Number of protein chains: 2
Amino acid sequence: MESTSRHVEILPFTSAIELTPAQLESIDAAFYSRDIWNGTVKEVLSPASQRFWRFVDAAPNLKWIQLVSAGADHRHYRRCAERAVRLTTSAGTNAEPVALNAVTGLLMIARGFLHWTRAQQKREWAPLGDPESARDLRGQTAVIIGTGHIGTAIARNLKANGVRTIGLRRRIVSTEHFDEVLPLSALDNLLQKCDWLVLACPLTPETRRLIDARRLALLPSHAGFVNVARGEVVDEGALIHALAGERLRGAYLDVFAVEPLPADSPLWHLQNVIMTPHDATSSVGNYARGVELFLRNLESYLRGHKLENEVQTPLHD
Amino acid sequence: MESTSRHVEILPFTSAIELTPAQLESIDAAFYSRDIWNGTVKEVLSPASQRFWRFVDAAPNLKWIQLVSAGADHRHYRRCAERAVRLTTSAGTNAEPVALNAVTGLLMIARGFLHWTRAQQKREWAPLGDPESARDLRGQTAVIIGTGHIGTAIARNLKANGVRTIGLRRRIVSTEHFDEVLPLSALDNLLQKCDWLVLACPLTPETRRLIDARRLALLPSHAGFVNVARGEVVDEGALIHALAGERLRGAYLDVFAVEPLPADSPLWHLQNVIMTPHDATSSVGNYARGVELFLRNLESYLRGHKLENEVQTPLHD
């Protein structure tokens, strides 16, 4: 990073921090870092997060916040957008772990680990009989909604194994590792020939409940479903219905309509579901990658340059 | 396949087949196909397999058998070699499913699914705390023993995620998807810097108990272990000891010293072990691939050409 001569005062965030009105007025930029965010589950904020957003609300001259998340769908973020506070996400810094979780879940379903894991728990030596054998992954088709960092890393892994990868996104751009990239409007025609439906898109007005009962019914019963996007992108009740009725082969879910997943959710009981607790980002390197992105953006901010990952679209409910 | 004018009589193998002495004398070649083999567990043969090998023993002019397996370490195969019956394996036809199982098991351990799967069973929403976060896979080192079809497909998947791949084999050949290929003698020096030790080699005198207590002790405690080769390549007692003492991060095992794995094996109880019942080959496409290979080899056999996958090395106990 080139150095800049502009003086920057750092107010380190600690659990004991109290800011005077003068200090609050002096804040131009804030870093919602991973250590502050840790422990936050959807709208239920960690104590440090609560304190952080209280300062944000009370800082009248705040102009920019660097977020820890890849998505920008939190109510606090919306409030910032309404105040014209610029937001930059950490999209990309967590993409590899999330993509690897998606690939792991997909492979577990594709290969037969739903069966083997259960047999191991019961201490049963139970090879799959021939009729239950896995279909060859090579030659299958995956429809990946979202062709950002996460979707692309998923596609890279699947293509390395001969899977046909079709990416769907709002704006068509040519994208490495995808055999084809199409607009979201192509979805319905693709579902019937798709072996894997993978959600790796942001939650936006267009993607909210994108996968509803009608679309789930278009999938073949051997298809698998993967969601590392947001729980709200799918109609969770319809998904549970399809899985319980074995109208899908299985699902790997990291995200849910309500988090933590309520104790009475039928998802806990389904044998064809692999779940992780909105934890697919989990990886030691994220913290360093997030700090590096913040420092790059801070440099750009001070120089009046374009910020990386700036949220451009208005945020809706 | 080009046609050949030589007359070939086919004796279709059925569960009711009985062969006359004249028929047995007429047999030149045999295909130990997947449907005959199905249900065989190591030295415990399926009824169809028992019948098949009885015919083999009684066919005095038999010259070649196409095997269903990638390995050639079965006692019946040894008997054939002693009689100078040529053997060809099906190496390659099952490689992709086996490699994908190895990759799935490795990713499950790498990403944290040992933890998440347990939490899901207990219906607990339990994100990994930061100290337990997975280490980034990118930049880690995998030592893969065996650089055949399976080892190479494993390397391809790992390299697609930035893992450094070192292959070990008897004879050094330059191999795609490996950063380095070294002789087996390099093993001891590599173990200390290795994050993943993956066994994908044939069982031979050189590889039997290759991974013993001393070598396991050289691995760092964050290392994971994957075995899709043969149970006999590792000292299973020493492996259990290392896993139980958490001197390894975890293991994915498809193969065992005794199969089916005995009910009293401590492996059933270890929380850091993922097991499949020597079933990693499981895939619908294997049968067709095996038949295609047999037909290619039959053509070569009839023309006196080189056979694909012929077992060259003498088979030892």
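The structure under discussion appears in the preceding block.
Residues numbered from 1 in each chain as written. Chains lettered and ligands numbered in written order. Predicted model: local features only at pLDDT ≥ 70, side-chain atom pairs only at ≥ 80, totals over all residues. Heavy atoms only, no water.

Draft legend 1. Expanded view of the overall build of chain A. The helix and strand inventory of chain A stands at 11 helices and 10 strands. Rg of the C-alpha trace for chain A: 21 Å, near the compact-globule value of 20 Å for 317 residues, within the 12% margin. Expressed as lengths along the three principal axes of its C-alpha atoms, the size of chain A is roughly 70 × 40 × 35 Å. Here chain A, with 317 residues, has 55% of them falling under the buried criterion. Counting only contacts in chain A whose residues sit at least 6 apart along the sequence, the fraction spanning at least 24 positions is 62%. (Helix = DSSP H or I, 4+ residues; strand = E, 2+ residues; numbered from the N terminus. Rg over C-alpha atoms; globule rule 2.2 N^0.38 Å. Buried < 20%, exposed > 50% of the residue type's maximum accessible area, 1.4 Å probe, protein only. Contact = heavy atoms within 4.5 Å.)

Draft legend 2. Summary view of the environment of A:Val41. Here A:Val41 is to be found in the loop between helix H2 (34-37) and helix H3 (47-58). By relative accessible area, A:Val41 is classed as buried at 17%. Linking A:Val41 and A:His278, residues 237 residues apart in sequence, is a C-alpha distance of 8.3 Å. Leaving out residues up to four positions away in the same chain, A:Val41 has contacts with A:Glu259, A:Pro260 and B:Trp125.

Draft legend 3. Inspection of the environment of B:Tyr32 at higher detail. Residues and elements named next belong to chain B. With respect to the helices, strands and loops of the structure, Tyr32 is situated in the loop between strand S1 (29-31) and helix H2 (34-37). Residue classification places Tyr32 among the buried positions, given a relative accessible area of 1%. Residues Tyr32 and Ile65 lie 33 residues apart in sequence; the distance between their C-alpha atoms is 6.9 Å.

Draft legend 4. Here's a closer look at unusual backbone geometry. Residue A:Pro260 follows A:Glu259 across a cis peptide bond; omega there is -10°. As for its placement among the helices and strands, A:Pro260 is situated in the loop between strand S9 (250-253) and strand S10 (273-275). Within the chain, B:Lys42 stands out as a residue other than glycine whose phi angle is a positive 50°. Tracing the chain through its elements places B:Lys42 in the loop between H2 and helix H3 (47-58). The residue B:Glu246 is not glycine, and still its phi comes out positive at about 55°. Along the polypeptide, B:Glu246 turns up in the loop between helix H10 (236-244) and strand S9 (250-253).

Draft legend 5. Molecular detail of the relation of the copies chain B and chain A. Rotating chain B by 180° about the axis while translating it 0.0 Å along that axis superimposes it on chain A, leaving an RMSD of 0.0 Å. Between the two chains, the operation in question is that of a two-fold axis. No C-alpha of chain B approaches the rotation axis more nearly than that of B:Thr104, which lies at 2.9 Å. The overlap is high: 100% of the interface residues of chain B also sit at the interface in chain A, so the same surface is used on both sides. (Least-squares fit on C-alpha atoms with pLDDT ≥ 70 in both.)

Draft legend 6. Spotlight on the sheet that holds strand S1 (residues 29-31) of chain A. Residues and elements named next belong to chain A. Pairing in this open sheet of three strands is parallel, and the strands run S1-S2-S3 from one edge to the other. At either margin of the open sheet sits one strand with a lone partner, and together these are S1 and strand S3 (86-88). The sheet shows a mean angle of 15° between the axes of neighbouring strands, taken without regard to direction. In this structure, S1 lies alongside strand S2 (residues 64-66), joined through three bridges in parallel fashion. Within S2, the position partnered with Ala29 by the bridge is Trp64. Sheet strands in contact with helix H11 (residues 286-303) are S1, S2 and S3, and its direction is about 160° off that of S2. (Pairing = 2+ DSSP bridges. Axes fitted to C-alpha atoms, helices over the stretch in contact; angles between N-to-C directions.)

Draft legend 7. Here's a closer look at the interface of chain B and chain A. The interface is formed by 55 residues belonging to chain B together with 55 residues belonging to chain A. Here chain B is connected to chain A by four salt bridges. Ionic pairing is found between B:Arg138 and A:Glu96, a salt bridge with its closest N-O pair at 2.8 Å. Here chain B and chain A share 38 residue pairs in polar contact (both at pLDDT 80 or more) between them. Sorting the residues of the side of chain B that touches chain A by element identifies helix H5 (95-111), helix H6 (113-121), helix H7 (149-159) and strand S10 (273-275) of chain B as the ones contributing at least two each. Of the residues forming the side of chain B that touches chain A, the biggest block, 10 residues, is contributed by H5(B). (Salt bridge = Lys/Arg side-chain N within 4 Å of Asp/Glu carboxyl O. Polar contact = N/O pair within 3.5 Å; in protein donor to acceptor, adjacent residues only side chain to side chain.)

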